[in-house]
Every structure is written in structure tokens, then in C-alpha cells.
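Coordinate analysis (summary)
The chain contents come next:
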Amino acid sequence: MSEENKMWQCQMQSCGYIYNPEKGCKKGKVPAGVPFEELPDTWRCPLCGASKKAFKPV
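Rules used throughout
Residues numbered from 1 in each chain as written. Predicted model: local features only at pLDDT ≥ 70, side-chain atom pairs only at ≥ 80, totals over all residues. Heavy atoms only, no water. Helix = DSSP H or I, 4+ residues; strand = E, 2+ residues; numbered from the N terminus. Core = buried A, V, L, I, M, F, W, Y, C linked by side-chain atoms within 4.5 Å. Buried < 20%, exposed > 50% of the residue type's maximum accessible area, 1.4 Å probe, protein only. Contact = heavy atoms within 4.5 Å. Pairing = 2+ DSSP bridges. Phe/Tyr/Trp six-rings, centres within 6.5 Å; stacked < 30°, edge-to-face > 60°. pLDDT = per-residue confidence, 0-100. Polar contact = N/O pair within 3.5 Å; in protein donor to acceptor, adjacent residues only side chain to side chain. Lys, Arg positive; Asp, Glu negative; His and termini not counted. Salt bridge = Lys/Arg side-chain N within 4 Å of Asp/Glu carboxyl O.

1. Remarks on the environment of Asn20
- Structurally, Asn20 is set in the loop between strand S2 (18-19) and strand S3 (55-57).
- Spatially, the C-alpha atoms of Asn20 and Gln9 are 5.0 Å apart, while their sequence positions differ by 11 residues.

Printed below as a string of C-alpha cells:
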């Protein structure tokens, strides 16, 4: 699998937040370039606090 294929976005259905790996997550202290699947299991949506499992690929 190429790096480009790993850099997909995920969206939280309830609040609409989209995790964009090209931007990272400043509030969650995730630097740009971190693919969604490499986020720690403890990472939460910065808007609604939902777990990583609740996100769906965009």
C-alpha cells in the first residue's frame, strides 16, 4: 500500500468533524502527516469527545 493511499480522511457522523491527516489535530496535539489508523486508541474527537471507533472514512 502506498503512503498516498494511507492518507484518507475520517468524519465523525454526529458532529461533522473531519480528521484530515494532512493537517493533523492541533487541539489533540497530533502533528500533520499522521494517518488516522496511527492515532492512539485513546484519541478523541476534539469537538464532541467521541472515540476513534465512531469515525467513518470519507
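We are not done yet, so read on.
2. Description of the nonpolar core
- Among the nonpolar cores identified, the biggest contains 13 residues, and Tyr17, Tyr19, Val30, Phe36, Leu39, Trp43 and Phe55 are the most heavily contacted of them.
- Leaving out residues up to four positions away in the same chain, Tyr19 has contacts with Gln9, Cys10, Gly24, Cys25, Val30, Val34, Pro35, Phe36, Leu39 and Trp43.

3. Some words on the sheet that holds strand S1 (residues 10-12)
- One open sheet accounts for 3 strands, arranged S2-S1-S3; its pairing is antiparallel. For this open sheet the edge positions go to S2 and S3, each flanked by a neighbour on one side alone.
- Sheet analysis places S1 next to S3, joined by 3 bridges and oriented antiparallel. Residue pairing across strands places Cys10 opposite Pro57, the latter belonging to S3.

4. As for the packing of aromatic side chains
- For the structure on display, the rule yields 7 aromatic pairs.
- Taking 5.9 Å as the distance between ring centres and 55° as the angle between the ring planes, the aromatic pair formed by Tyr19 and Phe36 counts as tilted. Of this pair, Tyr19 sits in strand S2 while Phe36 is found in the loop between S2 and S3, placing the two residues 17 residues apart along the sequence. Exposure class is identical for Tyr19 and Phe36. Each is buried.
- Relative to Trp43, the ring of Phe36 has its centre 6.2 Å away and its plane inclined at 85°; by these criteria the two rings are edge-to-face.

5. Considerations on the confidence of the model for the protein chain
- Confidence along the protein chain averages 90 in pLDDT terms, with 90% of residues attaining 70 or more.
- Element-level pLDDT for the protein chain is lowest in helix H1 (residues 3-6), with a mean of 54, against a maximum mean of 97 in S2.

6. What to know about the side chain of Asn20
- According to the relative accessible area criterion, Asn20 is buried, its value standing at 15%.
- Reaching out from Asn20, the side chain makes a polar contact with the backbone nitrogen of Glu22 at a distance of 2.9 Å.

7. Quick notes on the side chain of Lys52
- Mapped onto the secondary structure, Lys52 falls in the loop between S2 and S3.
- In this structure, Lys52 is buried with no salt-bridge partner, the nearest side chain bearing the opposite charge being Asp41 at 4.1 Å.
- Here Glu37 takes part through its backbone oxygen, which lies 3.4 Å from a polar atom of the side chain of Lys52.
- Here the side chain of Lys52 touches Leu39 through a polar contact of 2.6 Å, landing on its backbone oxygen.

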